[in-house]
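Spelled out from the first residue to the last, the chains are:
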Amino acid sequence: MMAMAVTLSFLLPLAGTLILAFSGGRLGALASSVVGVGSVGLAALASAWAMMAHSGGSEGITLWTWIAVEDFQPTIGLAVDGLALVMMSVITGVGFLIHLFAAWYMTGEEGITRFYAWMNLFVFSMMLLVLGDNLLLLFLGWEGVGLCSYGLIGYYYQGSANGWAAFKAFVVTRIGDVFLALGLFLIFMELGTLDIQQSLALAPQQWQEGSTTANLAALLVLGGALGKSAQVPLHTWLPDAMAGPTPVSALIHAATMVTAGVYLIARLNGLFLLAPDVLLLVGVIGAVSLLLAAFAALAQTDIKRVLAYSTMSQIGYMFVALGVGAFDAAIFHLVTHAFFKALLFLSAGAVIISCHHEQDMRRLGGLWRKLPVAYGGFLAGGAALVALPLVSAGFFSKDEILWQAMAADQNGLLIVGLLGAVLTGIYTVRLILGTFHGEPGSDHARHPEPGTNPLTHHLPLIVLAVLSTFVGAWLYPGLDELFPDAPGEAAETGHTLLQVLAMGAAIAGLLLAAWLFLRQREWLTKKTGQGIGARLWTLWHHAWGFDALFDRVLVQPWQWVVKVLRVDLVNLVMNLPALLARALNAGLVKSQNGRMRNYALVMVLGATIILLALAVLPGGNA
């Protein structure tokens, strides 16, 4: 029963992809939506069936042998344990709600069949990534989600900016994928297997803790995780990826794909425990990404870009948890984040469609009565995002991360986490006030068209809103048995104090935001319009200038090298003898013209030159 449920959850999205891809455009919008939404919905039911049938421990399901070359025999095999089941539930459950909402969001759009084919293929690839029992199969799913993200980000391919955004996402994440591939090569070369469980068992036997090989393998795997999870420095693709349809942003860039790096590190936790310095680097990178993204979110005017930088910041919290060895806390926040960030993106999508594709906060406002369901979604999702104490899912998962950082004596990471909580409250309040309160900034905001479909519009938002409350936190099963003990599991001293600090940070952010945007709006506008305030605003609006820096340091030098190499210098040198021979040949050919006068003149000149040379040269006797 268990094997059948897991196999169905794995294959149903693939079946939907094949039906849509080979329909040849013969399916209408309704039929495409039914196939696309239905296949993921059935996969979600199969995942729930697998969750109920799971009796604990780990179970392997081998479908067939993929490659057989001597001892190298990776299989198409599925490994099912608590972590895999949690990820399956998030991918298919949240994925189904997003697909269902897309049926409303994409109404009237061209290429619905293509849209759902890519979306189904993405779900299948993500399931392959989390269920694969060997690193080669995991890498196949890893590359699959990258390919699907390219197709979905560039869905509106008629606009060149959208195509470049898709291209940028593909290239930047491929940089990380190269590091991951090198890491897999190193693991196979050293351990002789790519089976995940065998690798984790063999690594402590062959590598000493802190050894060069262990550190190198962990660093290479970390490089892959940074690309997919949009952490510094491979993060610049994520904000531009908002060019795709909003359901794409919700599915790929909030709930699933960007958390693949977190899953990878958690799955290979034994490898990273052998490289404690690299594990700490994971936490440091997460803290840096957390802060940089939070400041950048303060200065965005596009509601989807605010949420994009918020995603980067929240994944930074997950990396902080990983960095202190709190793998369960990282997965806990991954789950709650999937709930509330999907809710925020879908609510943003409801605003965008209702306001005739307007998503600039400066041209919105005054929508809270006109779009009550979307407004409620923003309130519930925003409360979880800022970790509103006790009532939101985000409070419980974020509190666990901060507690584990404190228990691990990583006070620097703890302080960054608390500061991030304050900043999160500020940019979340700014987002909600700018979108739903105040005076409408355009006719689009004055005359929205509220969504009225209770099934495809209301239901996903309501379900995700409920899951973004403490209900979502209660549903998380806990995976302590899969991971080594986290620092905070051995002691509870100071946990209550930490909870008070976390609550204070969240509330302080909300109060500071209310004071700034409700009481001091004119003063704030004046300060950000001149002097150092304007410079900081510009810096944060351009996300600390990483794009310009990479363009100056990497892109422009590369373009110069390519321009120089258009003339192949080595080839030019190799061609010089041939060019010289051709020139001499051309000269000799011109001299053979059949004219006797010219031949006689040449003979006289030649004789004269010889006589002069004999006369001038030493020893000459002409």
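Right above here is the structure, for reference.
Quick caveat, the model's predicted, so the values are computed rather than measured.

Scoring rules and cut-offs
Residues numbered from 1 in each chain as written. Predicted model: local features only at pLDDT ≥ 70, side-chain atom pairs only at ≥ 80, totals over all residues. Heavy atoms only, no water. Helix = DSSP H or I, 4+ residues; strand = E, 2+ residues; numbered from the N terminus. Buried < 20%, exposed > 50% of the residue type's maximum accessible area, 1.4 Å probe, protein only. Contact = heavy atoms within 4.5 Å. Areas by Shrake-Rupley, 256 points an atom, 1.4 Å probe, with all protein chains shown as cover. Lys, Arg positive; Asp, Glu negative; His and termini not counted. Charge placed at Lys NZ, Arg CZ, Asp CG, Glu CD. Core = buried A, V, L, I, M, F, W, Y, C linked by side-chain atoms within 4.5 Å. Patch = residues over 30% accessible without salt bridge, like charges linked within 9 Å, V, L, I, M, F, W, Y side chains within 5 Å. Salt bridge = Lys/Arg side-chain N within 4 Å of Asp/Glu carboxyl O. Axes fitted to C-alpha atoms, helices over the stretch in contact; angles between N-to-C directions. Parallel < 35°, antiparallel > 145°, perpendicular 65-115°, else oblique. Arc of directions from axis to C-beta. Phe/Tyr/Trp six-rings, centres within 6.5 Å; stacked < 30°, edge-to-face > 60°. Polar contact = N/O pair within 3.5 Å; in protein donor to acceptor, adjacent residues only side chain to side chain. Expected span 1.5 Å × (residues − 1). Pairing = 2+ DSSP bridges.

*Asks:* Would you mind going over the overall build of the protein with me for this structure?
*Replies:* Along the protein, the regular secondary structure elements total 27 helices and two strands. Taking all 622 residues of the protein together, the buried fraction comes to 53%. When contacts within the protein are restricted to residue pairs at least 6 apart in sequence, those whose partners lie at least 24 apart make up 80%. Carbon together with sulfur atoms contributes 67% to the accessible area of the protein, which is approximately 27300 Å² in total. Both charge centroids of the protein, one from 28 positive and one from 33 negative side chains, sit 22 Å from each other.

*Asks:* What's the story with the nonpolar core in this structure? I'm lost.
*Replies:* As a rule of thumb, soluble globular proteins bury nonpolar side chains together. Core analysis: the biggest nonpolar cluster contains 201 residues, and Leu131, Phe272 and Ile331 have the highest contact counts within it. If we ignore the near neighbours within four places in the chain, the residues touching leucine 131 are Val6, Phe10, Gly77, Leu78, Ala79, Val80, Ala84 and Met88.

*Asks:* Explanation requested: unusual backbone geometry in the structure shown.
*Replies:* If a residue is not glycine, its phi is most likely negative; likewise, a peptide bond is most likely trans. In the segment running from valine 232 into proline 233, the intervening peptide bond is cis, with an omega of 5 degrees. Despite not being glycine, histidine 357 has its phi angle at roughly 65 degrees, a positive value. Positionally, histidine 357 belongs in the loop between α15 (327-354) and α16 (372-385). Positive phi, normally seen in glycine, also occurs at alanine 387, with a value near 60 degrees. Along the polypeptide, alanine 387 turns up in the loop between α16 and α17 (393-407). Taking the relative accessible area as the measure of exposure, alanine 387 reaches 7% and is therefore buried.

*Asks:* When you look at a negative patch on the surface in this model, what are you seeing that I'm missing?
*Replies:* Together, Asp480, Glu481, Asp485 and Glu489 line one region of the surface with negative charge. Within the fold, glutamate 481 resides in the loop between α21 (470-475) and α22 (495-519). Overall, glutamate 481 belongs to the exposed group, its relative accessible area being 60%.

*Asks:* For this particular structure, what's the right way to read the packing of helix α11 (residues 260-267) against helix α14 (residues 303-323)?
*Replies:* A packed helix pair is summarised by two numbers, namely the angle formed by the two axes and the spacing between the axes. Two elements in contact, α11 and α14, have axes separated by 10 Å at closest approach and are oriented at 10 degrees. Judged by the angle between their axes, α11 and α14 are roughly parallel. Taking contact as the criterion, the partners of Val262, Ile265 and Ala266 in α11 are, on α14, Ile315, Met318, Phe319 and Leu322.

*Asks:* Just checking my understanding: could you explain helix α24 (residues 531-541) for this structure?
*Replies:* The periodicity of an α-helix, 3.6 residues per turn, causes residues three or four places apart in sequence to face the same way. Burial in α24 covers these residues: Gly533, Ala534 and Trp540. Taken down its axis, α24 places every buried residue within 135 degrees of arc, on the same side. Residues of α24 that are exposed and angled more than 90 degrees away from the buried face: Ile532 and Arg535. On its buried face, α24 is in contact with α13 (276-298) and α23 (521-527). Of the residues one or two after α24, alanine 543 is the one with positive phi, at around 55 degrees.

*Asks:* Got a minute to help me understand the pattern of salt bridges in this structure?
*Replies:* A side chain of one charge can pair with a side chain of the opposite charge if their charged atoms are brought near each other. Summed over the entire model, instances satisfying the criterion amount to 10 salt bridges. Residue arginine 267 pairs with aspartate 81 through a salt bridge whose shortest N-O separation is 2.7 Å. Taken together, the residues arginine 267 in helix α11 and aspartate 81 in the loop between β2 (75-80) and α3 (82-105) connect sequence positions 186 residues apart. For the residue pair arginine 267 and aspartate 81, the accessibility class agrees, reading buried in each case. Arginine 446 is the partner of aspartate 443 in a salt bridge, and the nearest nitrogen-oxygen pair spans 3.0 Å.

*Asks:* Mind showing me how you'd approach the side chain of threonine 301 here?
*Replies:* With respect to the secondary-structure elements, threonine 301 resides in the loop between α13 and α14. With residues up to four places along the chain from it excluded, the contact list for threonine 301 reads Gln359, Asp360, Met361, Arg362, Arg430, Trp537 and His541.

*Asks:* I would appreciate a short explanation of the packing of aromatic side chains in the present structure.
*Replies:* The description of an aromatic ring pair rests on the distance of the ring centres and on the angle between the ring planes. For the structure on display, the rule yields 20 aromatic pairs. Here phenylalanine 101 and tryptophan 104 contribute two aromatic rings whose centre-to-centre distance is 5.4 Å and whose plane-to-plane angle is 55 degrees, an arrangement assigned as tilted. With a gap of three residues between them, phenylalanine 101 and tryptophan 104 both fall in helix α3, about one helical turn apart. Per residue, the accessibility class of phenylalanine 101 equals that of tryptophan 104, and both read buried. Through a chain of ring-to-ring contacts, three or more aromatic side chains come together here, namely Phe115, Tyr116, Tyr155 and Tyr156.

*Asks:* Where do I start with the side chain of glutamate 358 in this structure?
*Replies:* Tracing the backbone through its elements, the reader meets glutamate 358 in the loop between α15 and α16. What makes glutamate 358 buried here is its relative accessible area of 12%. At 3.1 Å, the side chain of glutamate 358 and the side chain of arginine 363 are in polar contact. Beyond its immediate chain neighbours, meaning those up to four positions away, glutamate 358 contacts Val351, Ile352, Arg363, Leu364 and His444.

*Asks:* For this particular structure, what's the right way to read α16?
*Replies:* Helix length check: α16, at 14 residues, gives a terminal C-alpha distance of 19 Å against a target of 20 Å (1.5 Å per residue), a fit within 8%. Burial runs high along α16: 10 of the 14 residues are buried. When we look at burial in α16, the residues that qualify are Ala374, Tyr375, Gly377, Phe378, Ala380, Gly381, Gly382, Ala383, Ala384 and Leu385. Looking at the packing, one finds that the buried side of α16 touches α14, α15, α17, α18 (411-436) and α20 (454-467). Count one or two residues on from α16 and you reach alanine 387, which has phi positive near 60 degrees.

*Asks:* Got a minute to help me understand the pairing of β2 in this structure?
*Replies:* Of all six residues that make up β2, six are buried, and the element is covered over most of its length. Neither face of β2 is exposed, since Thr75, Gly77 and Ala79 on one face and Ile76, Leu78 and Val80 on the opposite face are all buried. As paired strands, strand β1 (residues 59-65) and β2 are joined by six bridges and run antiparallel to one another. By the bridge assignment, threonine 65 is partnered in β2 with threonine 75.

*Asks:* Explain the environment of valine 69 to me, please; I cannot follow it from the model alone.
*Replies:* Secondary-structure assignment places valine 69 in the loop between β1 and β2. Sequence separation between valine 69 and valine 94 is 25 residues, and the spatial gap between their C-alpha atoms is 39 Å.

*Asks:* Mind showing me how you'd approach the environment of glutamine 206 here?
*Replies:* Here glutamine 206 lies in helix α7 (residues 196-206). The exposure class assigned to glutamine 206 is partly exposed, which follows from its relative accessible area of 43%. Separated by 73 residues in sequence, glutamine 206 and leucine 279 have C-alpha atoms that sit 19 Å apart. Beyond its immediate stretch of four places on either side in the chain, glutamine 206 contacts Glu190 and Leu191.

*Asks:* Just to check I follow, could you spell out a nonpolar patch on the surface for this structure?
*Replies:* Nonpolar side chains collect at one region of the surface, where Trp560, Val561, Val564, Leu565, Val567, Leu569, Leu572, Val573, Leu576 and Leu579 lie side by side and expose about 930 Å² of accessible area between them. Within the residue set of the nonpolar patch, elements represented by two or more residues are α25 (546-565) and α26 (569-591). For tryptophan 560, the location among the structural elements is in helix α25.

That is the geometry; function is a separate question.
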